[in-house]
Amino acid sequence: QNKKEEINKDSKNISDLEIAGLISRLYAFMVDLGLIFIIIYTFGPISGNKLFHEDAATQDILVLFGYFVIPTIIWGRTPGKWVAGIIVVMKDGTPAGPASIPREMVGKFVSYISFGVGILWIILDKENQGWHDKIAGTYVVRCDQKSRLPFFLNFLKSRLKKQKKYFVIWMS
């Protein structure tokens, strides 16, 4: 199944798609933030201070760049957006690709150095676009596919059950 069909089989432009709301975008960001913290606290200590340490800025930037940029280029979304059931698209409804990423990065830089005004702009904009979206010419929309939250929660629940089983065995 190609990416365009995954978004909306009948869409030919952005007006045919449902723009993602602020809560969906915030939820996706919080999932991404949580996953980044897991990465930091998992790989930081085992890397011998070669990652996520004061002397590792270049490596850290590469990890964060890889987390946000590579999935967006390949699938049009980060893991957090996947869980939230939203995707980044161009005005014609096709997933954002490599060409939009440099503009998106410049836009995010501008949005953050303006004390976050460019990000908060999402609240005021009728199409829920931040400055980074406007600069890149992208929109964040809902997918036809349901949110991955139930899958994600079931996955976590199964992991916790296994951990509980090991904990009970360890306590015996």
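Here the structure is a predicted model, which is why all the values come from computation and not from measurement.

Conventions adopted
Residues numbered from 1 in each chain as written. Predicted model: local features only at pLDDT ≥ 70, side-chain atom pairs only at ≥ 80, totals over all residues. Heavy atoms only, no water. Core = buried A, V, L, I, M, F, W, Y, C linked by side-chain atoms within 4.5 Å. Buried < 20%, exposed > 50% of the residue type's maximum accessible area, 1.4 Å probe, protein only. Helix = DSSP H or I, 4+ residues; strand = E, 2+ residues; numbered from the N terminus. Contact = heavy atoms within 4.5 Å. Pairing = 2+ DSSP bridges. Lys, Arg positive; Asp, Glu negative; His and termini not counted. Salt bridge = Lys/Arg side-chain N within 4 Å of Asp/Glu carboxyl O. Expected span 1.5 Å × (residues − 1).

Draft legend 1. Here's a closer look at the nonpolar core. If you look at the biggest cluster of nonpolar residues, it comprises eight residues: Ala-20, Ala-28, Ala-84, Ile-86, Val-88, Met-90, Ala-96 and Val-140. Sorting elements by how many residues they give to this core places strand E1 (residues 86-90) first, with three residues. When sequence neighbours within four positions are dropped, the list of residues in contact with Val-88 reads Gly-76, Lys-81, Pro-95, Ala-96, Thr-138, Tyr-139 and Val-140. Counting residues in each nonpolar core, the second largest holds seven residues, with Ile-14, Leu-17, Ile-87 and Val-141 among its members.

Draft legend 2. The pairing of strand E2 (residues 138-142), seen in detail. Burial analysis of E2 places four of its five residues in the buried class, the great majority of the element. Bridge analysis of E1 against E2 gives five bridges, and the strand direction is antiparallel. Across the sheet, Val-88 pairs through a bridge with Val-140, a residue of E2.

Draft legend 3. Examining the side chain of Lys-81 more closely. Note on placement: Lys-81 falls in helix H4 (residues 79-84). Within the buried core, Lys-81 has no salt-bridge partner, and the shortest N-O distance to an opposite charge, that of Asp-32, equals 5.2 Å. Apart from the residues lying within four places of it in its own chain, the contact partners of Lys-81 are Ala-28, Asp-32, Ile-86, Val-88 and Val-140.

Draft legend 4. The pattern of salt bridges, seen in detail. As enumerated under the stated definition, the model contains four salt bridges in all. For the salt bridge of Arg-142 with Glu-18, the shortest nitrogen-to-oxygen distance reads 3.3 Å. You can see Arg-142 sitting in strand E2 and its partner Glu-18 sitting in the loop between helix H1 (3-7) and helix H2 (22-46), a full 124 residues away along the chain. Relative accessible area serves as the criterion here: at 29%, Arg-142 is assigned to the partly exposed category. A salt bridge links Asp-125 to Lys-134; the nearest nitrogen and oxygen atoms lie 2.9 Å apart. Taking the relative accessible area as the measure of exposure, Asp-125 reaches 12% and is therefore buried.

Draft legend 5. Quick look at H2. The first and last C-alpha atoms of H2 sit 36 Å apart over 25 residues, in line with the 36 Å expected at 1.5 Å per residue. The inward-facing, buried residues of H2 contact helix H3 (57-75), H4, E1, helix H6 (117-124), helix H7 (131-136) and E2. Positive backbone phi, at 65 degrees, marks Gly-48, one or two positions downstream of H2.

Draft legend 6. Representation of the environment of Gly-44. Here Gly-44 shows up in helix H2. Owing to a relative accessible area of 9%, Gly-44 belongs among the buried residues under this scheme. Spatially, the C-alpha atoms of Gly-44 and Asp-60 are 9.8 Å apart, while their sequence positions differ by 16 residues. Apart from residues no more than four positions distant in its own chain, Gly-44 is found in contact with Ile-39, Asn-49, Leu-51 and Phe-52.

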